[in-house]
Protein chains: 4
Amino acid sequence: MSCSFGEKFRITVFGQSHSEAIGVVIDGIPAGIKLDMEKIGKFMSRRAPGNNAYSTKRKEDDIPSIISGVVDGITCGAPLCAVIKNNDQHSKDYSKFRNLPRPSHSDFAAHIKHNGFNDIRGGGNFSGRMTAPMCFAGAVAMQILEEKGIRIGAHIEKIAGVSDSRFDPVSVNSDILASISEKNFPLIDDGVKEKILTKIEEARLDGDSVGGVIECAVTGMPAGIGEPMFEGVENAISQAIFAIPAIKGIEFGNGFDCADLRGSENNDSFIVEDDKIKTKTNNHGGILGGITSSMPIIFRVAVKPTPSIAKPQMTVNLETMTAEELIIEGRHDPCIVPRAVPCVEAVTALALINLI
Amino acid sequence: MSCSFGEKFRITVFGQSHSEAIGVVIDGIPAGIKLDMEKIGKFMSRRAPGNNAYSTKRKEDDIPSIISGVVDGITCGAPLCAVIKNNDQHSKDYSKFRNLPRPSHSDFAAHIKHNGFNDIRGGGNFSGRMTAPMCFAGAVAMQILEEKGIRIGAHIEKIAGVSDSRFDPVSVNSDILASISEKNFPLIDDGVKEKILTKIEEARLDGDSVGGVIECAVTGMPAGIGEPMFEGVENAISQAIFAIPAIKGIEFGNGFDCADLRGSENNDSFIVEDDKIKTKTNNHGGILGGITSSMPIIFRVAVKPTPSIAKPQMTVNLETMTAEELIIEGRHDPCIVPRAVPCVEAVTALALINLI
Amino acid sequence: MSCSFGEKFRITVFGQSHSEAIGVVIDGIPAGIKLDMEKIGKFMSRRAPGNNAYSTKRKEDDIPSIISGVVDGITCGAPLCAVIKNNDQHSKDYSKFRNLPRPSHSDFAAHIKHNGFNDIRGGGNFSGRMTAPMCFAGAVAMQILEEKGIRIGAHIEKIAGVSDSRFDPVSVNSDILASISEKNFPLIDDGVKEKILTKIEEARLDGDSVGGVIECAVTGMPAGIGEPMFEGVENAISQAIFAIPAIKGIEFGNGFDCADLRGSENNDSFIVEDDKIKTKTNNHGGILGGITSSMPIIFRVAVKPTPSIAKPQMTVNLETMTAEELIIEGRHDPCIVPRAVPCVEAVTALALINLI
Amino acid sequence: MSCSFGEKFRITVFGQSHSEAIGVVIDGIPAGIKLDMEKIGKFMSRRAPGNNAYSTKRKEDDIPSIISGVVDGITCGAPLCAVIKNNDQHSKDYSKFRNLPRPSHSDFAAHIKHNGFNDIRGGGNFSGRMTAPMCFAGAVAMQILEEKGIRIGAHIEKIAGVSDSRFDPVSVNSDILASISEKNFPLIDDGVKEKILTKIEEARLDGDSVGGVIECAVTGMPAGIGEPMFEGVENAISQAIFAIPAIKGIEFGNGFDCADLRGSENNDSFIVEDDKIKTKTNNHGGILGGITSSMPIIFRVAVKPTPSIAKPQMTVNLETMTAEELIIEGRHDPCIVPRAVPCVEAVTALALINLI
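Asker: Help me out: how do you make sense of the overall build of chain A in this one?
Answerer: Across its full length, chain A carries 8 helices and 18 strands. A compact globule built from 356 residues should have a C-alpha radius of gyration of about 21 Å, and chain A, at 21 Å, falls within 12% of that. Principal-axis analysis of the C-alpha atoms places the extent of chain A at approximately 70 × 50 × 35 Å. Looking at the 356 residues of chain A, the share that counts as buried comes to 64%. Within chain A, residue pairs in contact and separated by at least 24 positions form 72% of the contacts whose partners lie at least 6 positions apart. On chain A, the mean spot of the 37 positive side-chain charges and the mean spot of the 45 negative ones are 3 Å from each other.

Asker: How should I be thinking about the relation of the copies chain B and chain A in this particular structure?
Answerer: One copy of the chain maps onto the other through a rotation about an axis followed by a shift along the same axis. With an RMSD of 0.0 Å, the operation that places chain B on chain A is a rotation of 180° combined with a shift of 0.0 Å along the axis. This pairing of chains is accounted for by a two-fold axis. Take the interface residues of chain B: 98% of them recur as interface residues in chain A, which is what a same-surface contact looks like.

Asker: Mind showing me how you'd approach the pairing of strand β10 (residues 212–219) of chain B here?
Answerer: If a strand is regular, its side chains alternate between the two faces of the sheet. Residues and elements named next belong to chain B. Among the 8 residues in β10, 8 count as buried, and that is most of the element. Side-chain alternation along β10 places Gly 212, Ile 214, Cys 216 and Val 218 on one buried face and Val 213, Glu 215, Ala 217 and Thr 219 on a second face that is also buried. The pairing of strand β8 (residues 151–159) with β10 spans 8 bridges and is classified as antiparallel. Bridge pairing in β10 places Ala 154 opposite Cys 216. Pairing between β10 and strand β16 (residues 297–303): 7 bridges, direction antiparallel.

Asker: Would you take a moment to explain the relation of the copies chain D and chain C for this structure?
Answerer: The two copies are related by a screw motion: chain D maps onto chain C through a turn of 180° and a shift of 0.0 Å along the axis, at an RMSD of 0.0 Å. A symmetric contact is evident, with 99% of the interface residues of chain D recurring at the interface of chain C.

Asker: I keep staring at the interface of chain D and chain C and nothing clicks. Help me out?
Answerer: Interfaces are often described in size by the accessible area the parts lose on coming together. With 97 residues of chain D at the contact, the number on the chain C side is 96 residues. Inspection of the region where chain D meets chain C yields 38 residue pairs in polar contact (both at pLDDT 80 or more). The residue inventory of the side of chain D that touches chain C, partitioned by class, reads 49 nonpolar, 29 polar and 19 charged. Judged from the 3 bridges that link them, strand β11 (residues 247–252) of chain C and strand β11 (residues 247–252) of chain D form a sheet pairing that is antiparallel. Residue pairing for β11 of chain D: Glu 251 of chain C is matched across the bridge by Gly 249 of chain D.

Asker: Just to check I follow, could you spell out the pattern of salt bridges for this structure?
Answerer: Side-chain pairs of opposite charge can arise whenever the charged atoms involved come near each other. By the definition in use, this model includes 78 salt bridges over all chains. With a closest N to O distance of 3.1 Å, Lys 158 of chain A and Asp 260 of chain B form a salt bridge. Here the residue Lys 158 of chain A occupies a position in strand β8 (residues 151–159), and Asp 260 of chain B occupies one in the loop between β11 (247–252) and α7 (263–266), the pair thus bridging two chains. Looking at Lys 158 of chain A, the relative accessible area reads 17%, which means it is buried.

Asker: Sorry if this is basic, but what is going on with the interface of chain B and chain A here?
Answerer: Taken together, the 97 residues of chain B in the interface contact 96 residues of chain A. For the chain B and chain A pair, buried surface summed over both sides reaches about 7,800 Å², with 64% attributable to carbon and sulfur atoms. A per-residue breakdown of the area chain B buries against chain A is headed by Met 229, Phe 230 and Lys 248 of chain B, which together make up 11% of the total. The interface formed by chain B and chain A contains 9 salt bridges. For Glu 234 of chain B, the salt bridge is made with Lys 248 of chain A, and the minimal N-O distance between the two is 3.0 Å. Here the element with the most residues in the side of chain B that touches chain A is β11 of chain B; it accounts for 6 residues.

Asker: Looking at this structure, I do not really get the packing of aromatic side chains. What am I missing?
Answerer: Within a pair of aromatic rings, the relevant descriptors are the distance that separates the centres and the angle that separates the planes. According to the stated counting rule, one finds 18 aromatic pairs over all chains in the structure shown. One aromatic cluster in this structure is built from Phe 242 of chain A together with Phe 252 and Phe 299 of chain B.

Asker: Please clarify how the packing of helix α1 (residues 37–47) of chain A against helix α3 (residues 131–147) of chain A should be interpreted in this entry.
Answerer: Pairs of packed helices are described in terms of their axes, by the angle between the two and the distance that separates them. Residues and elements named next belong to chain A. Their axes nearest at 9 Å, the elements α1 and α3 cross at an angle of 135°. When the interaxial angle is binned, α1 and α3 end up oblique. In terms of crossing hand, the pair formed by α1 and α3 is right-handed. In this structure, α1 uses Met 37, Lys 39, Ile 40, Phe 43, Met 44 and Arg 47 to contact α3, whose residues at the interface are Thr 131, Ala 132, Cys 135, Phe 136, Ala 139, Val 140, Met 142, Gln 143 and Glu 146.

Asker: What should I look at first to understand the sheet that holds strand β4 (residues 65–68) of chain C in this one?
Answerer: With respect to topology, 5 strands assemble into an open sheet ordered β1-β2-β3-β7-β4 (chain C), the strand pairing being antiparallel. Here the strands that pair on one side only, and so sit at the sheet edges, are β1 (4–5) and β4 of chain C.

Asker: What should I look at first to understand helix α4 (residues 174–182) of chain D in this one?
Answerer: Residues that lie three or four places apart on an α-helix share one face, since the helix turns once every 3.6 residues. Residue and element names in this part refer to chain D. Here α4 has its buried residues at Leu 177, Ile 180 and Ser 181. The buried residues of α4 occupy an angular sector of 95° when the element is viewed end-on, so they sit on one face. Among the exposed residues of α4, those oriented more than 90 degrees off its buried face are Asp 175 and Glu 182. Against α1 (37–47), β8 (151–159) and β10 (212–219) lie the buried residues of α4.

Asker: What's the story with the sheet that holds strand β10 (residues 212–219) of chain A in this structure? I'm lost.
Answerer: Overall, antiparallel pairing links the 10 strands, which are arranged β9(A)-β8(A)-β10(A)-β16(A)-β11(A)-β11(B)-β16(B)-β10(B)-β8(B)-β9(B) in an open sheet. Every other strand in the sheet has two partners, leaving β9 (162–163) of chain A together with β9 (162–163) of chain B as the edge strands with one partner each.

Asker: Looking at this structure, how should I read helix α5 (residues 193–205) of chain D?
Answerer: Residues and elements named next belong to chain D. Here α5 spans 18 Å end to end across 13 residues, near enough to the 18 Å set by a 1.5 Å rise per residue. Every buried residue belonging to α5 is among Ile 196, Ile 200 and Ala 203, and all of these are buried. For α5, the arc enclosing every buried residue in end-on projection is 60°, short of the 170-degree limit, so these residues lie on one face. Exposed and oriented more than 90 degrees from the buried face of α5 are Glu 194, Lys 195 and Leu 205. Turning to α5, the residues buried within the fold contact β8 and β9 (162–163). Count one or two residues on from α5 and you reach Gly 207, which has phi positive near 65°.

Asker: What is the right way to read the packing of α3 of chain A against helix α8 (residues 337–353) of chain A from this model?
Answerer: All names here are of chain A. The contact between α3 and α8 brings their axes to 7 Å, and the two run at 55°. In terms of axis orientation, α3 runs oblique to α8. In terms of crossing hand, the pair formed by α3 and α8 is left-handed. Residue-level contacts link Thr 131, Met 134, Cys 135, Ala 137, Gly 138, Ala 141, Met 142, Ile 144 and Leu 145 of α3 to Pro 342, Cys 343, Glu 345, Ala 346, Val 347, Ala 349, Leu 350, Leu 352 and Ile 353 of α8.

Asker: Explain the pairing of strand β2 (residues 10–14) of chain D to me, please; I cannot follow it from the model alone.
Answerer: Residues and elements named next belong to chain D. β2 sits mainly inside the fold: 5 of its 5 residues count as buried. Alternating residues of β2 divide into Arg 10, Thr 12 and Phe 14 and Ile 11 and Val 13, and every residue in both groups is buried. With 2 bridges joining them, strand β1 (residues 4–5) and β2 adopt antiparallel strand pairing. Its bridge partner being in β2, Ser 4 is matched across the sheet by Thr 12. Between the end of β2 and the start of strand β3 (residues 21–27), which pair antiparallel, lie 6 residues, with Gly 15 showing a positive phi angle near 115°.

Here is what the cut-offs are and how they apply
Residues numbered from 1 in each chain as written. Chains lettered and ligands numbered in written order. Predicted model: local features only at pLDDT ≥ 70, side-chain atom pairs only at ≥ 80, totals over all residues. Heavy atoms only, no water. Helix = DSSP H or I, 4+ residues; strand = E, 2+ residues; numbered from the N terminus. Rg over C-alpha atoms; globule rule 2.2 N^0.38 Å. Buried < 20%, exposed > 50% of the residue type's maximum accessible area, 1.4 Å probe, protein only. Contact = heavy atoms within 4.5 Å. Lys, Arg positive; Asp, Glu negative; His and termini not counted. Charge placed at Lys NZ, Arg CZ, Asp CG, Glu CD. Least-squares fit on C-alpha atoms with pLDDT ≥ 70 in both. Pairing = 2+ DSSP bridges. Polar contact = N/O pair within 3.5 Å; in protein donor to acceptor, adjacent residues only side chain to side chain. Nonpolar A, V, L, I, M, F, W, Y, C, P; charged D, E, K, R; others polar. Salt bridge = Lys/Arg side-chain N within 4 Å of Asp/Glu carboxyl O. Buried area = accessible area lost by both parts, 1.4 Å probe. Phe/Tyr/Trp six-rings, centres within 6.5 Å; stacked < 30°, edge-to-face > 60°. Axes fitted to C-alpha atoms, helices over the stretch in contact; angles between N-to-C directions. Parallel < 35°, antiparallel > 145°, perpendicular 65-115°, else oblique. Left-handed = near helix turned anticlockwise from the far one by under 90°. Arc of directions from axis to C-beta. Expected span 1.5 Å × (residues − 1).

In structure tokens:
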């Protein structure tokens, strides 16, 4: 099913950008977990739109209301349903997109798929807003994973051609990941922040947008997790990752760079360290044969520039089948990369909790 | 489950490199399909090891025997089971890997996962040999897809740093894909063949290996196929692709390049052509919001260099927990990229047939 | 997952008897369906508790609020989420059951399963109240099925040993089913109504309860629906039926009676009628080899007497591990059979819509 | 998928009565299990056709050949595939059934479902022969369950109206179940054996067949197993049970009898015995709210008389659409109940191992 993920910790996301509410049901959540709602709220605020230059002006408090599955703050084993009200929709903005599909948006594909009955307002359930319930479910999963010593953290690896440093794939650890996630604008090298913000602001002033790359690491994964073939860690993470709108690529370990190496350069020798078996290098990104090796899991994802831009664009009127110029008004992030960082962490948590 | 894929056209792959046989069961195959066994055999021979410089000397005839699901050459609606005998195993070669995991192989991860009971011979069911039944199932799926006008084709986009041309993402068509798949060494620009073969031969003589990139295209996909969120075309293809050993990354459309573009450069304007709605460019790789747009699907995957190399490597003896030098003897492809090309096509077919 | 059902029209039920709300998400509902909310409401009112002798006094308006998946009354292809508020809970009634599991209730099993964290209030998500969202989802499914000419109807076959007539398994049709579902107390032979009501009232006055049997028929099913072995019509219906609390048995066609017949008595000869192939008798209940034969589907389910009775009962105090007398106070149906009738229809609709 | 069952210990059954072979793949079998092939063989021989009065004369050695997933007799974590050759088919017998569907057989339904491409020979993959690989997989599951102290046993509860005793639902234990499964003709009260055999022989001489009831018990199940709603123990067992051809009903605990009882009669009081919580009676059949209570699981299934009988029957010629008399020749069990007993145990094991 399209909006469900996972077999053991199964989530089903519902809602559209402008429906009465959006939310998620988690079926398979263990009983007896005391939810840290403050931590969950803090995590979700990393995704929430703010007042800074790079995010939409839409005001969302995005506080999820838990309507089932929890008694006195503790999970009871029944499915947990969390609902987030939609308060601040401007539905009128979107009526014209019914016949004028926005370039590189889901509008056209959804129109064909649903015979024109798709909810066009705000992108319907293709909206980036649907990542809010994903983040809620991911935050719950992360809490459970952290109790097992598993930590997930991501940062902006690149925006508009300006690159951050990368995680050291061998030495990255939970402290490094924790400090990254404290940051309002998660970079390893804060020195590039100004340059990136300038690029984003330039795009915004041009009525344009910019893309980027996010890098994610997972530490504390024991060896032996994941199944071979179709249920490996790479299969599961990539299936989850492409649920985030605007992701167009994923690479694990040294990824596409491995294509240019020789085996002797790319292979990671096994070594003993602190009586544990590790690898000297970590080109494999913590995954061998689809299964964890106990080294940090490392992957990067490509985020396309926001397709909603203020600049005039050409499209086709679906009714008249003629070319037409389209002006998209309203508020749109000139860069969604920073807000996508917690989304990447969240769906990674959902993928991993189902493998453990 | 690890070795199963798909909900409607569900395959379950079984076997190990050195078990009595390997094979696949296809549950959900429609009744009434006359299997073109000659075409299937031809497709499988593209994956089979040969006598050329870049592939293992292991002799496999790899002719699948269909033991159920087909009556007089026509499917009867019951699950189709195809079995391939393992004839030419040299099981003695592998005994030492039990305690000496090969770098960047699944040995160590599988050892931990299965408490040392994993079949170490030839990599067990992590072996590249397991792609043979995947290719059989994929060939069956491709036959069904081709009857619907859907054509899948892939080529070597890069080996050892030497690049082929890429598909034109707008004009690629079924004729181009058909002609590529006729080639023994599938390149768009045959002019780079000699250079690539030289690189592979150099690596082989050095006891080393090389990696590469494969590009795949799908033409004839109608618009509106795929589900939003977790069951989109990208989710499904990537989940299937990472079942092929040695794949470390996947990107759709212009992939990681989109990260450096502005929205105005990356967006694909809609146009009308032959009374049909298309896009002027195809940076989106035929997929918008997880759903097909009717433009060709385009993606590339990164293939790491064969981890089995003749050069001495360092590993850890799992029994003594001390460093030890490892010499891998036997036959191993210095480059698996050419043989992985039909595998990419096959699993793509499996992903798509489950979405249609 | 425990609270999810179906692969194509997948429902996930959430909530507990005394949580803030209960509800259901339907993932996979086609776009473009105009929901007949009046009909859905009427169907749900058949399950709702009333003021009659045989049902609880708990007042529920049970009007579902649709918070996603519908735009202007028409489904948009996104998951449909319907929420029913819980207004009239008396949570104090239940605190003592934490340590005093009610005989033949889920209390004890749920306590062990969830380590004592299960929501004990009103039976938590084991409550009969959870059939309200099931009925909502079933009513939506029935609307879609009815557009295809498929009609589902059930009646009270027996309560407290007093039997109604049975459907004629050959001649039952959609008109008969429609007229049954109009009835407040669905019997074929209304002549036994008074006798049954008397039996229920006697049990109520004794602080006791009674059980019964429900018979369900489905007309208009084309032949050839269902899959052999594990996904047949019987497998699917029975998996769905046992989601209704208090069901302890199911039989298709002539069911357990077939055990006493000879093949020559039990076999249903094929005949031609109106140019269609039918069977002369219908002992097979419309299902052969797990697949529909085009004859009416017929099955009966056994409903145990409500386990919550006013009479004193013996149980064990889980804390002290000593025997203790238990008095269950509060409102409980002396007979749940009438209210279970629409529940049986609803889950049957859910099973069938996933097979079509 | 129709021929697959289970999420963790997933089996896929393949083959047709007259295909080259039949078999099963088990995906998800843990590594490190030493298969007791002698025990498995003994179990399978209980299902195999013999030379006694009540079973077909078809000679099957039915020895499964394990072609993957096992190394030196121990599972290696890869999918286990077992294949049973079909040696003794008489395919000519069946050609006429293509147009003359046998009453109360799957022929007609399968013909419609598969557009006439279904394998008609011997009932194709609807054949009772397909229970052989189910029994193999079940025997493997039973071995794993027995190591956890869980024991499954079934007996003939009734054949041709002659009843055996029933299990005492409170005191039945693993020793009783073990002794039952030793018997060639599994009855609790061997005194009724002759009477039953006479009834079967009478039916055979009349060219007819008889049905019956099988009762199954499971001991040693810990409390708390199973999920509420759609994944409870009853849901899982019933979904599995209806995969056995000829089963038309299932009831748990006291089953349909509960319909005639009052709550005070039907409820099972909790008691303490040997410091464990049990119930005084076991009308609930070991399952409360879909979850095990630690009491023995008890259920009964109705088996219809073999539909293949020698007596002339009326059917319809699908080509001419006219009534035609049908004479079924060849070998057919006058009663399949005894051979269905191990099948019931096997699929129960498959259902339970997926819940644990």
